Amino acid sequence: MSQSRLSGVPISILDRANNREGSTPAEALAAVIARARRAEELGYHRFWVAEHHAVPGIAGSTPTLLMAAIAGRTERIRVGSGGVMLPNHQPLVVAEQAATLQALFPGRIDLGLGRSVAFTSAIRAALRQGKDAAERFGDDLAELLSYLDGTAAITARPPDRGATRPFVLAMGRGQEYAARAGLGVVVGGPAFTGNSPGAATNALQRYRDEFRPSAWYAEPYVIVSANVAIADTAEQARDLLLPEAWAMTASRTIGDFPPLVSVADIRARTLTPRQETMLEEYLTATIHGTADQVADRLATLLERTGAAELLVTTNTYDTGALAELDRRLVELFRP
């Protein structure tokens, strides 16, 4: 059975702290913390949060602050960023924030790092960054790591002494930086499940081939992320993914990533042909269906990537349905 092939594989959650129509940002952030507490009870390995700026549909703009709130309300689960966008920050400040969290919550803090810059020129200007800021990622990453491992010309306080586990959220060039620095990588599952997975597979193989052991990792470590939904029928599972699929479609066709809305709200809308196509493309890239169908596809994804861990990135409008989804997903991975 595919489910037996998943047994014992660590499963983790990335929550983007989505706003929901009719709820306040405070309620959105409270829902993230409640989900993290539930994830710990269910046996999830990590709980990560993301960085997005000036996005109407997202309440989480500062992952390290949200990490502190989550770690303070949980006891065992690893807490991290998925990720801190390094071009937006000074490496010393990121190192200090991570080290402070590590001092407060020893052995529980992960630092996922990305190289993306803000989507609009106005937000980039507000962050004092240009469109080319991502080009200095390699240098910024090396500087940040030197503060964490104590080899920099100055000592970041509190000293981290390499306790914080760094990851790079990466496809393509980002994996090259991770390989040279000896870091773990997080790769997007849809790149490996589409019609042309060759480029993603080749890039991941180069990461493994070029990996240099570091104080953090003796060998390559790959986490694969995916939007996943389980329900009694494939159609019900698809509906769980529809609210975020619509938000992504709206962001590309209207120019704004909106709060999540209900399935009924989406079905009542008249979509343009372009929106219908994009919505379907997004849903096709997800993994959804009954428990057996999902277990089979997840097992294939893990085998294709050689990943050691799955990072679930699913969110939906109905928080009760999301709680049930989290429970059903983790059951697939029980030893």
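In case you missed it, the structure is sitting above this.
Keep in mind it's a predicted model, so treat the numbers as computed, not measured. (Residues numbered from 1 in each chain as written. Predicted model: local features only at pLDDT ≥ 70, side-chain atom pairs only at ≥ 80, totals over all residues. Heavy atoms only, no water.)

**Q** Can you explain the sheet that holds strand S10 (residues 309-312)? Please cite residues and give values.
**A** On the basis of which strands lie adjacent, the closed barrel formed by eight strands has the order S1-S2-S3-S4-S5-S6-S7-S10 and parallel pairing. Taken pair by pair, the neighbouring strands of this sheet meet at an average axis angle of 25°, ignoring direction. Relative to strand S7 (residues 222-226), strand S6 (residues 184-188) runs parallel, the two being bridged by four bridges. Counterpart to Gly188 in the pairing with S7 is Ser225. Contacting strand S4 (109-114) and strand S5 (165-169), helix H6 (residues 137-149) runs over the sheet at an angle of about 165° to S4. Those strands touched by helix H9 (residues 198-210) are S6 and S7, and its axis lies near 175° from that of S6. (Pairing = 2+ DSSP bridges. Helix = DSSP H or I, 4+ residues; strand = E, 2+ residues; numbered from the N terminus. Axes fitted to C-alpha atoms, helices over the stretch in contact; angles between N-to-C directions. Contact = heavy atoms within 4.5 Å.)

**Q** Quick one: what's the story with the environment of Tyr207, residue by residue and with numbers?
**A** The topology assignment puts Tyr207 in helix H9. Separated by 70 residues in sequence, Tyr207 and Thr277 place their C-alpha atoms 33 Å apart. Discounting residues that sit within four places of it in the chain, Tyr207 has contacts with Gln175, Ala178, Ala179, Leu183, Gly184, Val185, Pro220, Tyr221 and Val222.

**Q** Got a sec to walk through the environment of His89? Specific residues and values, please.
**A** With respect to the secondary-structure elements, His89 resides in the loop between strand S3 (78-85) and helix H4 (91-104). You can call His89 partly exposed: its relative accessible area is 25%. Each C-alpha atom, one on His89 and one on Asp239, is 37 Å from the other, the two residues being 150 residues apart in sequence. Here His89 is in contact with Glu51, Val84 and Val94, once residues within four sequence places are set aside. Reaching out from His89, the side chain makes a polar contact with the side chain of Glu51 at a distance of 3.1 Å. (Buried < 20%, exposed > 50% of the residue type's maximum accessible area, 1.4 Å probe, protein only. Polar contact = N/O pair within 3.5 Å; in protein donor to acceptor, adjacent residues only side chain to side chain.)

**Q** How would you explain unusual backbone geometry if you had to name every residue and give the values?
**A** Cis geometry marks the peptide bond from Gly82 to Gly83, where omega comes out at 5°. Mapped onto the fold, Gly83 is located in strand S3. A cis amide bond, omega -5°, links Arg157 with the succeeding residue Pro158. Tracing the chain through its elements places Pro158 in the loop between H6 and S5.

**Q** An account of the pattern of salt bridges is requested, with residue identities and associated values reported.
**A** One pass over the full model with this rule turns up 19 salt bridges. Of the charged contacts in the structure, one is a salt bridge between Arg35 and Asp326, with a shortest N-O distance of 2.9 Å. Here Arg35 is found in helix H2 (residues 25-42), whereas its partner Asp326 is found in helix H14 (residues 319-331), with 291 residues between them in sequence. The residues Arg35 and Asp326 share a single accessibility class, namely buried. A salt bridge links Arg334 to Glu331, with the nearest nitrogen and oxygen atoms 3.5 Å apart. Using a relative accessible area of 34% as the deciding quantity, one classes Glu331 as partly exposed. One network of salt bridges, with partners in common, ties together Asp15, Arg35, Arg38 and Asp326. (Salt bridge = Lys/Arg side-chain N within 4 Å of Asp/Glu carboxyl O.)

**Q** So what about helix H3 (residues 63-73)? Which residues, and what values?
**A** If you check which residues of H3 are buried, you get Pro63, Thr64, Leu66, Met67, Ile70 and Ala71. Angular distribution of buried residues about the axis of H3 spans 155°; they occupy a single face of the element. Across H3 from its buried face, at more than 90 degrees, point the exposed residues Leu65 and Gly72. Turning to H3, the residues buried within the fold contact H2, strand S2 (46-49), S3, H4 and S4. (Arc of directions from axis to C-beta.)

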